[in-house]
Amino acid sequence: MEILGIDIGGSGVKGAPVDIRRGVLTAERCRIKTPKPATPVAVAKVVARIVKHFGWQGPVGCALPARVKHGVALTAANIDRGWIGTHVPRLIEEHTGCRTFALNDADAAGVAEMAFGAGRDRHDYVLVLTVGTGIGSAIFINQTLVPNTELGHLELGGHEAEVYAADSARKREDLSWRDWARRFQRYLEHVEFLFAPDLIIVGGGISRPKKWAKFADQLETQAELVPARLQNEAGIIGAAYSARILHQPEVTV
Ligand code: BGC
């Protein structure tokens, strides 16, 4: 069964049809620059272009950097604040005619890792962190997602953790990998102190093997610590996989 996965980010909107049984893209992904400002209507029009690109008429799963509860965006990071209060599935449905399910981007990436990546077959307590422009989080217990955890917004030494320790901080402040790793280590210690997971999966651009090799040996955690496996496809795959609930007629989303 295939579902179109869409991952809305601060710089690009990416989409591809996903075989949700195998967790793989069935066509090359389509990426369109995020419009500026990234208002709901402007982004929905981009999503409609991606839907058209694939000639898609089936269900759509949509991930975005926002807390999403019962379809409504409650926050908006790196996208226009106009998303707050928007019923995301309704908006996307209006522009595409496709039934849509929406969720937080880190939750989507986490769902994909748990089903098809580094968390496959793990039934213990798993924390997935996506590290990029911000820090996103997803917690799983026995493969069940606890949604909208937003652990990138914890306070760390007077800073918002993601402002201090995301990959964007490394780039913005021109930090060496060593200096950035020290910050990320502090963040991991704080998160472990509060949540004590068994496994931490780190996703986002820094999980690519070439980058991971630059800092991983400087991190020390009580939990097992591993890089994500699906990297920049995780959001698309997880969004599509999560949207399979649209096939259950009883569920309202
Ligand atoms: C947002 C989260 C998002 C994360 C990763 C944070 O700034 O608040 O909702 O999951 O960035 O994109």
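Residues numbered from 1 in each chain as written. Predicted model: local features only at pLDDT ≥ 70, side-chain atom pairs only at ≥ 80, totals over all residues. Heavy atoms only, no water.

Participant: So what's going on with the overall build of the protein chain? Residues and values would help.
Facilitator: Broken down by element type, the protein chain carries eight helices and 15 strands. Over its C-alpha atoms the protein chain spans a radius of gyration of 17 Å, differing by no more than 12% from the 18 Å that the globule rule assigns to 253 residues. Its C-alpha atoms give the protein chain principal-axis dimensions of about 50 × 40 × 30 Å. Put simply, the protein chain has 253 residues, and 55% of those count as buried. For the protein chain, contacts bridging at least 24 residues in sequence account for 64% of all contacts bridging at least 6. Put simply, the protein chain shows about 11700 Å² of open surface, and 49% of that area lies on carbon and sulfur atoms. Across the protein chain, the mean location of the 30 positive side-chain charges is 7 Å away from that of the 28 negative side-chain charges. (Helix = DSSP H or I, 4+ residues; strand = E, 2+ residues; numbered from the N terminus. Rg over C-alpha atoms; globule rule 2.2 N^0.38 Å. Buried < 20%, exposed > 50% of the residue type's maximum accessible area, 1.4 Å probe, protein only. Contact = heavy atoms within 4.5 Å. Areas by Shrake-Rupley, 256 points an atom, 1.4 Å probe, with all protein chains shown as cover. Lys, Arg positive; Asp, Glu negative; His and termini not counted. Charge placed at Lys NZ, Arg CZ, Asp CG, Glu CD.)

Participant: Please give an account of the sheet that holds strand β15 (residues 224-227) that cites residues and values.
Facilitator: In any sheet, the strands associate via hydrogen bonds between backbone groups, in a parallel or an antiparallel arrangement. Within the open sheet, the five strands sit side by side as β11-β10-β9-β14-β15. Their pairing is mixed. Each of the sheet's edge strands pairs with one partner strand only, and the pair in question is β11 (144-146) and β15. Pairs of neighbouring strands in the sheet enclose a mean axial angle of 25 degrees, with direction left out of account. Relative to strand β10 (residues 135-141), strand β9 (residues 125-131) is paired through seven bridges, and the arrangement is antiparallel. (Pairing = 2+ DSSP bridges. Axes fitted to C-alpha atoms, helices over the stretch in contact; angles between N-to-C directions.)

Participant: Residues and numbers for the site of the ligand, please.
Facilitator: Surveying the vicinity of the ligand reveals the residues P65, A66, A77, N104, D105, A106, I135, G136, E150, H153 and E162. At 2.5 Å, a side-chain N or O of D105 approaches an oxygen atom of the ligand. If the ligand stood free it would expose 310 Å²; the protein chains cover 91% of that surface. Contributions of two or more residues to the shell around the ligand are made by α3 (105-116) and β10. Taken together, the residues of the shell around the ligand sort by class into five nonpolar, three polar and three charged. Summarising the domain contributions, the shell around the ligand has at least three residues from each of domain 1 (2-107 + 234-247) and domain 2 (120-229). (Near = heavy atom within 4 Å. Polar contact = N/O pair within 3.5 Å; in protein donor to acceptor, adjacent residues only side chain to side chain. Nonpolar A, V, L, I, M, F, W, Y, C, P; charged D, E, K, R; others polar. Domains from an automatic or database assignment.)

Participant: So what's going on with unusual backbone geometry? Residues and values would help.
Facilitator: Residue P37 is reached from K36 by a cis peptide bond, and omega for that bond is -5 degrees. Note on placement: P37 falls in the loop between β4 (30-33) and α1 (40-53). Positive phi, close to 65 degrees, is recorded for D121, a residue that is not glycine. Relative to the helices and strands, D121 resides in the loop between α3 and β9.

Participant: With reference to specific residues and values, describe the domain arrangement of the protein chain.
Facilitator: For the protein chain, the assigned domains read domain 1 (2-107 + 234-247) and domain 2 (120-229). Using only C-alpha atoms to locate each centre, domain 1 and domain 2 end up separated by 24 Å. Each side of the interface is counted separately: domain 1 has nine residues, and domain 2 has ten residues. Taken over both partners, the interface formed by domain 1 and domain 2 buries close to 700 Å², and the fraction arising from carbon and sulfur atoms is 47%. Area buried by domain 1 at its contact with domain 2 is led by R67, A106 and D107, which between them contribute 65% of it. Run the count over domain 1 and domain 2 and you get zero salt bridges. Here domain 1 and domain 2 share two residue pairs in polar contact (both at pLDDT 80 or more) between them. Split into classes, the residues belonging to the side of domain 1 that touches domain 2 amount to three nonpolar, three polar and three charged. (Buried area = accessible area lost by both parts, 1.4 Å probe. Salt bridge = Lys/Arg side-chain N within 4 Å of Asp/Glu carboxyl O.)

Participant: Please give an account of the state of the cysteines that cites residues and values.
Facilitator: Evaluation of the coordinates by the stated rule reveals zero disulfides. Here C30 stays free of any disulfide, with the sulfur of C62 as its closest cysteine sulfur at 14 Å. A relative accessible area of 11% means that C30 is categorised as buried. Note on C98: no disulfide assigned, nearest cysteine sulfur contributed by C62 at a separation of 11 Å. (Disulfide = S-S within 2.5 Å.)

Participant: For the pattern of salt bridges, give the residues involved together with the corresponding values.
Facilitator: The final tally for this structure, using the stated rule, is eight salt bridges. As a salt-bridge pair, R170 and D167 come within 2.7 Å of each other at their nearest N and O atoms. Here R170 pairs with D167, and both are found in helix α5 (residues 167-172), just three residues apart, close to one helical turn. For the pair R170 and D167, a shared accessibility class is recorded, and that class is buried. The salt bridge partner of R183 is E173, with a shortest N-O separation of 2.8 Å. You can see R183 sitting in helix α6 (residues 177-195) and its partner E173 sitting in the loop between α5 and α6, a full ten residues away along the chain. R183 gets classed as buried once you look at its relative accessible area, which sits at 14%. Ionic contacts of the salt-bridge type, sharing partners, join the residues R122, D124 and E224 into one network.

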